[in-house]
Amino acid sequence: MSVRRSVVRGVGHHLPERVVTNDEFAQRLDTSDEWIRSRTGIERRHFAAEGEMTSDLALRAAERALGDAGLEADALDAIVLATSTPDLTFPSTATKVQADLGMTRGFAYDIQAVCAGFVFALANADMLIRTGEADRVLVIGAETFSRILDWDDRSTCVLFGDGAGAVVLEAAEGKGDAGDRGILAVDLHSDGRYRDILYVDGGVSSTGSAGCLRMQGREVFKHAVVKLAETAEAALGKAGLTPADVDWIIPHQANLRIISATAQKLGLPMERVVVTVGEHGNTSAASIPMAMSVAASEGRLSPGDVIVTEAIGGGLAWGAAVLRW
Ligand code: UT7
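The paragraphs below set out a description of the structure included in this document. A quick note: this is a predicted structure, and the numbers were derived from the prediction, not measured.

## Description of the sheet that holds strand E13 (residues 317-324)
For sheets, the rule is that strands pair by backbone hydrogen bonds, running either parallel or antiparallel.
Moving on, step 1. Pairing within the open sheet is mixed, and its 4 strands lie in the order E8-E13-E12-E11. At either end of the open sheet lies a strand with only one pairing partner, and these are strand E8 (182-190) and strand E11 (248-251). Averaged over neighbouring strand pairs, the angle between their axes works out to 15° when direction is ignored.
Moving on, step 2. In the packing of helix H7 (residues 217-239) onto the sheet, the strands contacted are E8, strand E12 (306-313) and E13, and the crossing angle to E8 comes to about 140°.
Moving on, step 3. Sheet strands touched by helix H10 (residues 287-297): E11, E12 and E13. Its angle to E11, the strand with the most contacts, is close to 140°.

## Overview of the site of the ligand
Moving on, step 1. Around the ligand sit 23 residues, and of these Thr 31, Arg 39, Arg 218, Asn 255 and Asn 282 come closest.
Moving on, step 2. One nitrogen or oxygen atom from the main chain of Arg 154 is found 2.9 Å from a nitrogen atom belonging to the ligand.
Moving on, step 3. Within the side chain of His 252, one N or O atom sits 2.8 Å away from an oxygen atom of the ligand.
Moving on, step 4. For the ligand, the accessible surface in isolation is 940 Å², of which the surrounding protein chains cover 76%.

## A closer look at the pairing of E12
Moving on, step 1. Of all the 8 residues making up E12, 8 are buried; the element is thus mostly covered by neighbouring parts of the structure.
Moving on, step 2. Residues Val 306, Val 308, Glu 310 and Ile 312 line one face of E12 and the alternating positions Ile 307, Thr 309, Ala 311 and Gly 313 line the opposite face, and both faces are buried.
Moving on, step 3. Two elements, E11 and E12, share 4 bridges in a ladder whose sense is parallel. Residue pairing in the sheet places Trp 248 in a bridge with Ile 307 of E12.

Criteria and thresholds
- For every chain, the first residue of the written sequence is number 1, and numbering continues from 1 onward in sequence order.
- This being a predicted model, a pLDDT of at least 70 is required before a residue's local features are given, and a value of 80 or more before pairs of side-chain atoms are given or counted; all residues contribute to the totals for chains, interfaces and linings.
- Excluded from the side-chain calculations are hydrogens and water; all other atoms, namely the structure's heavy atoms, are used.
- Two strands pair under a simple rule: DSSP has to find at least two bridges between them.
- Segments assigned H or I by DSSP are reported as helices when at least four residues long, segments assigned E as strands when at least two residues long, and all are numbered from the N terminus.
- Lines are fitted to the C-alpha atoms to define the axes, a helix being fitted only along its stretch in contact, and any angle between axes, read from their N-to-C directions, falls within 0 to 180 degrees.
- The contact criterion used throughout is that any non-hydrogen atoms of two residues lie within 4.5 Å.
- Here a residue is near a molecule or strand as soon as one of its heavy atoms is found within 4 Å of it.
- Whenever two N or O atoms come within 3.5 Å, that pair is a polar contact, provided that in protein one can donate a hydrogen and the other can accept it, and provided that, for residues adjacent in sequence, both atoms are side-chain atoms.
- For every accessible area listed, the method is Shrake-Rupley and the probe measures 1.4 Å; residues are considered covered only by the protein chains on display.
- Burial status follows relative accessibility: with a 1.4 Å probe on protein chains alone, a residue under 20% of its type maximum counts as buried, one over 50% as exposed, and anything between as partly exposed.

Okay, structure coming up:
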């Protein structure tokens, strides 16, 4: 049986110029490079310059992904952009990127599932392609979390960074089995009962301000180590695969200890895990497409490789996607 699949045709990422080391935080907060490295794996992160917006980072990542795919913007049918740090309340950051790319057709919209945003956006774009609504979709994860950090809260402000990653998905015919290229399965969840362990204390209809990120880190950590392995295994099961078939895990980059615990639960060695948290920090919805782009640019991903991506964040919202490169 012939089925439509969403195959990755191009990938790209962009990081703002300014690099901030752990030592910079240690100069004005009761923290240390040693604490941040040993508890999280983070060594540095990038922060957007004044006036540099989420759409600016997204545009650069999008241009690179389109260049990698060898496509002009008008070859796209849709842009799905995952972010929790949009330029404006509305219109969507995706429509800004659409205009900046010079894309005069199709449609663009944002998706908000915080750190799980890219997995949700990928799943959404895959549905657009599989239902025939679109042939080519640009999926972007872009964030400026530096804009919602409390610089006096050492338990959160050292963890996050800014950046953007983008993937061009294109329709291709597959046989409908696990040997197909493209997205093979997704697994999505949320549980709003946990929304107060990771949230921003402001918003349009509550305070009328942007607010600051608040997190009970230890609680989120406990959920992450259980839920990420479960959702990765569930997505693999839906694809008709097992962890033994996996060539690469491309996880959300929040904490090296969560990343390695998840790999261990799946029975996979760290050599099969793409890790960028040390250089990028936690960039929320941007972390997976950036890690994918880094791995691709280093020539680590080969056609036919089975990749699992998984993420968890505010909501709680979590999920995984399995694709063959
Ligand atoms: O991407 C969205 C999902 N988010 C995550 O996945 C994040 C999940 N959580 C984590 O990654 C970890 O829980 C953290 C990295 C946030 C914290 O690590 P932890 O090992 O869970 O530490 P903790 O929160 O239990 O804190 C241990 C100690 C505390 O001191 P006391 O109470 O034991 O005296 C904290 O006050 O470390 C202290 N602490 C710090 N010390 C130095 C917290 N932040 C810092 C800091 N520097 N920056």
